[in-house]
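The primary structure of each chain is shown beneath.
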Amino acid sequence: MSETLTVERLTIGLPEGADRPFAVENVSLTINKGEILCVVGESGSGKSMTANALMGLLPQGVEVKSGRALFESRDVLRLSEADKQALRGAQIAMIFQEPMTALNPLMRIGDQISEVFAAHGLYTQSERRKRALDLVREVGLPDPEKIIRAYPFQLSGGQRQRAMIAMALALEPKLLIADEPTTALDVTTQAQILNLILDLRERRGMAVMFITHDFGVVAEIADQVIVMREGKVVERGDAAAVLDNPQHEYTKRLLDAIPTGKLPEARELSDTPALEIKNLCKTFRTGGGLFKPVREVRAVDDVSLTVARGEVLGLVGESGSGKSTLGRTAVRLVTPDSGHVMVGGVDLAALSEEELRRQRNKVQMVFQDPYASLNPRQRIMGALTDGPINRGVPKEQAQAKARELLEIVGLGADAAMRYPHEFSGGQRQRIGIARALAMEPELIIADEAVSALDVSIQAQVLDLLRELRERLSLSILFITHDLRVAAQLCDRIAVMQKGRLVEIGRVEDIFLNPQQEYTRQLLAAVPGADWAQPEEAMA
Amino acid sequence: MWKRFRSNMGAMIGVVLLIAVIVIALIAPLLFPDGPWQMVQRPFLAPFAVDGLPLGTDTLGRNVAAQLAYGAQVSLLVGLVSTLVALLIGVPLGALAGFYGGYADEGAMRFTEFFQTIPNFALAIVLVAIFEPTLFSITLAIAIVSWPPVARLVRAEVMSVRTREFVDAARLAGLSKPRILIQQVLPNTVSPIIVMASLMVATAILLESSLSFLGLGDPNAMSWGYMIGAARTVIRTSWWLSFFPGIAIVITVLALNLIGEGLNDAFNPHLSRKGKA
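Residues numbered from 1 in each chain as written. Chains lettered and ligands numbered in written order. Predicted model: local features only at pLDDT ≥ 70, side-chain atom pairs only at ≥ 80, totals over all residues. Heavy atoms only, no water.

1. Considerations on the overall build of chain A
Argument step 1. A count of helices and strands for chain A gives 21 helices and 20 strands.
Argument step 2. Since a compact globule built from 539 residues should have a radius of gyration of about 24 Å, the 25 Å found for chain A is in line with a globular shape.
Argument step 3. Overall size of chain A, expressed as C-alpha extent along the three principal axes, is 70 × 55 × 50 Å.
Argument step 4. Relative to its full complement of 539 residues, chain A shows a buried share of 55%.
Argument step 5. A separation of at least 24 residues holds for 69% of the contacts in chain A among residues at least 6 apart in sequence.
Argument step 6. Positive and negative side-chain charges in chain A, numbering 64 and 73 respectively, have mean positions lying 5 Å apart. (Helix = DSSP H or I, 4+ residues; strand = E, 2+ residues; numbered from the N terminus. Rg over C-alpha atoms; globule rule 2.2 N^0.38 Å. Buried < 20%, exposed > 50% of the residue type's maximum accessible area, 1.4 Å probe, protein only. Contact = heavy atoms within 4.5 Å. Lys, Arg positive; Asp, Glu negative; His and termini not counted. Charge placed at Lys NZ, Arg CZ, Asp CG, Glu CD.)

Spelled out as structure tokens, the structure:
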């Protein structure tokens, strides 16, 4: 097989004062024609920097120190800006993680695709248009004629990513660099995009450099794998070999940390409910003006479920399924239109604002974004004691409790006097959990609490939650889009789609014997499902 | 933060210049115990023409250097106090509008727009002309014309901070709304307010000078604008009478702008226009 790209001993220097001298150190890799190379690593491992260097998109202050990247026997790292420009798009194309920000919001999809031709001075106006249409058709966007006249905001996340891919393919590049292209997408959409990339590779014989943090995705599409850590390659090889027989300690740890869909032992559940949701409805209305009809979204549509005391109920669904709204309604950050939220004999949905403030402690929430959920200008101690002190707990006692909780979540009591920016994402999430526990709630709602974390950190936080579940017999409503994560922690799983509860049952029933078509689709879409299968059988 | 600010050449120059102006203003009574109004020599003496009068004398034979020093007092005082008053009006109004939204927002913003539709300077002139032109009324007039941008800035900042998850967390902790606003939201809007305030002091000094230039200054306070206004008729024969106060205004305003920009870069390193990381 012929080599498309050969990177030799690439070293990228970071500016002074960064946490390490090199973003990428001595990285060598080869991608052959028609081959998919997955570059795997956690955040900060330098995998995106490598890709940006190849495209000449390094941020200011970051520069290539040494090494070569041979593409068609030319060193792309040493090209002049004009040559790089000619190369980008035509020979090497790139797709990004967030298709909304990568597309120009004020340009129609068709125009954006034609612009790629225009930028390289190819074809006439009408010919560009025709080719754009062909590309839109090729990446499987529905209703091509209409799509090329649409603006990015009118498309769904998956459709936008397809449009991005269409732009990348416009000039038939020999190499496609994909930087976490499916991370922001739902599982079912992710599966479709992965299939599209596999399909295009087949048809066009492109080489693909696929950057991801998800070994499930690797199992799905990779031919070759490179595992990176702190700027260095720690392991490389055939996908099958690396996945089944990892050599390096770090790779093993990463693979162990993946939620494999291995099912936990079923536990006995108590009959007393911690949370009872009855016939809950919430409709969002937006727009509506003189000439516009009101747009209605039924976010939660007649949902009833219970979480038993000491149970972890997983609430799974794709984005827009209403699972977050359900969670926010259960803590009454959102007031439902109708229905009841019974916690400890009190209907939270019916309380007045003033009564609610006194009952707030009953249900607490752990938020998704560990960076936004702590006030950057407040010490950890303040975050943990505000609520209890407000409820009338003496200050001394609240502070003692806060220190104890910080110990419990594994941070140590001296964390209390520090500010949030001194902690990493995983540590912040532990603080978020401690904050929820400080209120002595009957129920905790974890809204995508581990989704923003790297896999190894994610595993640690899941371990913590599991430990707390045993130790404090916590009841948790665990909201997630990731079935694998839900399987690791939950006793039962509820599946939501378009505001409705599709299916609810014990984890093993949902996984091994799903009743509904939608649940089956979700399960099938989980990346690396086949690869994880043998382990599941073993369990 | 402080480190980034210190490494900014422009900002440090601004700080040095501003400190110099402040020191001159503070020690003016020591340097010129006779005050700025005292006639000390014959009129229209050029700079360095007579020993002890490095900047010469004005149309009535008063010491220009003394006038400049006392003028610094007025400029700085008016600039600082009017900015403080503008913040006192703008911050609460913007915060309430941004945090509570709905009718509070509508009401507060229409009120703000009412002020924004009238040109700043024209409104200031009218206000000073209605009141007696005293330091107090000038300061108040400047404050009244300069708070609307503060209110809009604070409103926008509060609106964006309000949607962050830690605010939801504070609600779940059972904190009351006013407490969430004061304790959780407002501290996170401080940096842009500080930057804006430093630039507002500069604008206020310019406004005060303009008012004095038009003869709407406090007749009992020497100010740079008044000096330039008085020297207007003799600008061709005695250039130094308008030149030095002009330079003083330029230096002070420039210093404050440099500091403001330095603060901005220090608070928002990602938006810094310079590429040096």
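2. Observations concerning the UniProt feature "transmembrane region" (unreviewed entry) in chain B
All names here are of chain B.
Argument step 1. The UniProt entry lists residues 12-32, 76-100, 121-145, 193-217 and 238-259 under the feature "transmembrane region" (unreviewed entry), expressed in the numbering used here.
Argument step 2. The annotated region residues 12-32 carries 95% helix and 0% strand content, and the separation between its end C-alpha atoms amounts to 29 Å.
Argument step 3. Annotated as 84% helix and 0% strand, the span residues 121-145 places its first and last C-alpha atoms 8 Å apart. (UniProt positions renumbered as here; feature names shortened; annotations may be inferred.)

3. Focus: empty space enclosed by the protein
Argument step 1. Taken as a whole and assessed by the stated rule, the structure comprises 6 cavities of 30 Å³ or more.
Argument step 2. Each pocket or cavity is described by its volume, and for the largest cavity that value is around 130 Å³.
Argument step 3. Lining the largest cavity are 18 residues, and of these Ala383(A), Arg435(A), Ala169(B), Ala170(B) and Ala173(B) lie nearest its centre.
Argument step 4. Considering each element in turn, the lining of the largest cavity owes the most residues, 5 residues, to helix 14 (residues 380-390) of chain A.
Argument step 5. Residues that form the lining of the largest cavity fall into these classes: 10 nonpolar, 6 polar and 2 charged.
Argument step 6. Looking at the second largest cavity, the residues that line it are Asp58(B), Thr59(B), Arg62(B), Gln67(B), Tyr226(B), Met227(B), Ala230(B), Ala231(B) and Leu241(B).
Argument step 7. Looking at which element gives the most residues to the lining of the second largest cavity, the answer is helix 10 (residues 224-231) of chain B, with 4 residues. (1 Å grid on protein atoms, 1.4 Å probe; cavity = no way out; pocket = protein on both sides within 12 Å on 5 of 7 lines; lining within 4 Å. Points joined across faces, edges and corners; volume = space filled by probe spheres on them. Nonpolar A, V, L, I, M, F, W, Y, C, P; charged D, E, K, R; others polar.)

4. Comments concerning the packing of aromatic side chains
How two aromatic rings sit relative to each other is set out by the distance from centre to centre and by the angle between their planes.
Argument step 1. Counting across every chain of the model gives 12 aromatic pairs over all chains.
Argument step 2. An angle of 10° between the planes, with centres 6.3 Å apart, marks the rings of Tyr151(A) and Phe153(A) as stacked.
Argument step 3. What makes Tyr151(A) partly exposed here is its relative accessible area of 25%.
Argument step 4. Under the relative-accessibility criterion, Phe153(A) is labelled exposed at 57%.
Argument step 5. Ring centres of Phe111(B) and Trp147(B) lie 5.8 Å apart, and the angle between their planes is 25°; this geometry places the pair in the stacked category. Of the two residues, Phe111(B) is situated in helix 4 (residues 102-116) and Trp147(B) in helix 6 (residues 135-162); the sequence distance between them amounts to 36 residues.
Argument step 6. Here Phe111(B) falls in the partly exposed class, since its relative accessible area comes to 43%.
Argument step 7. On the accessibility criterion, Trp147(B) (2% relative accessible area) is buried.
Argument step 8. Among the aromatic residues, those joined into a cluster by ring pairs are Phe111(B), Phe114(B), Phe115(B) and Trp147(B).
Argument step 9. Geometry around Tyr123(A) places Arg131(A) over its ring, the cationic atom sitting 4.0 Å from the centre. (Phe/Tyr/Trp six-rings, centres within 6.5 Å; stacked < 30°, edge-to-face > 60°. Lys NZ or Arg CZ within 6 Å of the ring centre and 35° of its normal.)

5. What about the interface of chain B and chain A?
Argument step 1. Each partner contributes residues to the interface: chain B has 19 residues there, and chain A has 25 residues.
Argument step 2. Ranking the residues of chain B by area buried against chain A places Glu165(B), Arg171(B) and Leu172(B) at the top, with a combined share of 32%.
Argument step 3. The interface formed by chain B and chain A includes 2 salt bridges.
Argument step 4. At the boundary of chain B and chain A, one finds 15 residue pairs in polar contact (both at pLDDT 80 or more).
Argument step 5. Going through the elements one at a time, helix 7 (165-172) and helix 8 (177-185) of chain B are the ones with two or more residues in the side of chain B that touches chain A.
Argument step 6. Among the elements that take part in the side of chain B that touches chain A, helix 7 of chain B stands out by supplying 6 residues, more than any other.
Argument step 7. Broken down by class, the residue content of the side of chain B that touches chain A amounts to 7 nonpolar, 7 polar and 5 charged. (Buried area = accessible area lost by both parts, 1.4 Å probe. Salt bridge = Lys/Arg side-chain N within 4 Å of Asp/Glu carboxyl O. Polar contact = N/O pair within 3.5 Å; in protein donor to acceptor, adjacent residues only side chain to side chain.)

6. Things to note about the environment of Ser2(A)
Residue and element names in this part refer to chain A.
Argument step 1. Along the chain, Ser2 falls in the segment before strand 1 (3-13).
Argument step 2. Among the residues examined, Ser2 registers a relative accessible area of 43% and is labelled partly exposed.
Argument step 3. With 32 residues separating them along the chain, Ser2 and Gly34 place their C-alpha atoms 9.2 Å apart.
Argument step 4. Excluding residues that lie within four positions of it along the chain, Ser2 makes contacts with Asn32 and Lys33.

7. A closer look at the domain arrangement of chain A
Residue and element names in this part refer to chain A.
Argument step 1. We note that the domain assignment places domain 1 (1-90 + 173-255), domain 2 (101-171), domain 3 (260-361 + 440-532) and domain 4 (373-438) within chain A.
Argument step 2. At the junction of the two partners, domain 3 supplies 16 residues and domain 4 supplies 13 residues.
Argument step 3. Between domain 3 and domain 4, a total of about 1200 Å² is buried, with carbon and sulfur atoms accounting for 64% of that surface.
Argument step 4. Together, Glu440, Leu464 and Leu468 form the three largest contributors to the area buried by domain 3 at its contact with domain 4, with a combined 34%. (Domains from an automatic or database assignment.)

8. Notes on helix 7 (residues 157-169) of chain A
All names here are of chain A.
Argument step 1. Spanning 13 residues, helix 7 covers 18 Å between terminal C-alpha atoms, matching the ideal 18 Å at 1.5 Å per step.
Argument step 2. Judged by how many residues are buried, helix 7 sits mostly within the fold: 10 of 13 residues are covered.
Argument step 3. Inspection of helix 7 places Gly158, Arg160, Gln161, Arg162, Ala163, Met164, Ile165, Ala166, Ala168 and Leu169 among the buried residues, and these make up the whole buried set.
Argument step 4. Close packing links the buried residues of helix 7 with strand 6 (92-95), helix 3 (99-102), helix 4 (109-119), helix 5 (125-138), strand 7 (175-179) and helix 8 (187-204). (Expected span 1.5 Å × (residues − 1).)

9. Things to note about the pairing of strand 17 (residues 443-447) of chain A
Residues and elements named next belong to chain A.
Argument step 1. Burial runs high along strand 17: 5 of the 5 residues are buried.
Argument step 2. Neither face of strand 17 is left uncovered, since the one carrying Leu443, Ile445 and Asp447 and the one carrying Ile444 and Ala446 both have all their residues buried.
Argument step 3. Examined bridge by bridge, strand 17 and strand 18 (residues 476-480) share 4 bridges and lie parallel to one another. Within strand 18, the position partnered with Asp447 by the bridge is Ile479. (Pairing = 2+ DSSP bridges.)

10. Observations regarding the pattern of salt bridges
Once their charged atoms are close, side chains differing in charge can pair, the charge on each being opposite to the other.
Argument step 1. All chains considered together, the criterion is met by 37 salt bridges over all chains.
Argument step 2. Among the salt bridges present, the one from Arg309(A) reaches Glu442(A), with a minimum N-O distance of 3.7 Å. Of the two residues, Arg309(A) sits in the loop between strand 12 (294-308) and strand 13 (312-316) while Glu442(A) sits in the loop between helix 16 (425-438) and strand 17, which places them 133 residues apart along the sequence.
Argument step 3. Asp386(A) is paired through a salt bridge with Arg179(B); the nearest N and O atoms lie 3.6 Å apart.

11. What about the UniProt feature "domain: ABC transmembrane type-1" (unreviewed entry) in chain B?
Argument step 1. Cross-referencing UniProt, the feature "domain: ABC transmembrane type-1" (unreviewed entry) maps to residues 72-260 of chain B in the present numbering.
Argument step 2. The distance separating the terminal C-alpha atoms of residues 72-260 of chain B is 20 Å; by composition the span is 81% helix and 0% strand.

12. Focus: the sheet that holds strand 17 of chain A
The strands that make up a sheet pair up through hydrogen bonds in the backbone, lying either parallel or antiparallel.
All names here are of chain A.
Argument step 1. The 6 strands lie next to each other as 16-17-18-13-19-20, forming an open sheet whose pairing is mixed. Strands with a single pairing partner mark the edges of an open sheet, and in this sheet they are strand 16 (363-366) and strand 20 (500-506). Adjacent strand axes in the sheet meet at a mean angle of 20°, parallel and antiparallel pairs treated alike.
Argument step 2. Both strand 13 and strand 19 (residues 492-497) contribute to a ladder of 4 bridges, which runs parallel. Bridged to Val316 within strand 19 is Val495. (Axes fitted to C-alpha atoms, helices over the stretch in contact; angles between N-to-C directions.)

13. Considering the sheet that holds strand 9 (residues 224-229) of chain A
All names here are of chain A.
Argument step 1. Pairing within the open sheet is mixed, and its 6 strands lie in the order 6-7-8-3-9-10. Looking at the sheet topology across the chains shown, the edges are occupied by strand 6 and strand 10 (232-238). For this sheet, the mean angle separating the axes of adjacent strands, direction not counted, is 15°.
Argument step 2. One ladder, built from 6 bridges, connects strand 9 with strand 10; its direction is antiparallel. Bridging across to strand 10, Val225 finds its partner in Gly237.
Argument step 3. Its contacts with the sheet place helix 1 (residues 47-55) against strand 3 (36-40), strand 6, strand 7, strand 8 (207-212) and strand 9, and it is angled at close to 145° to strand 8.

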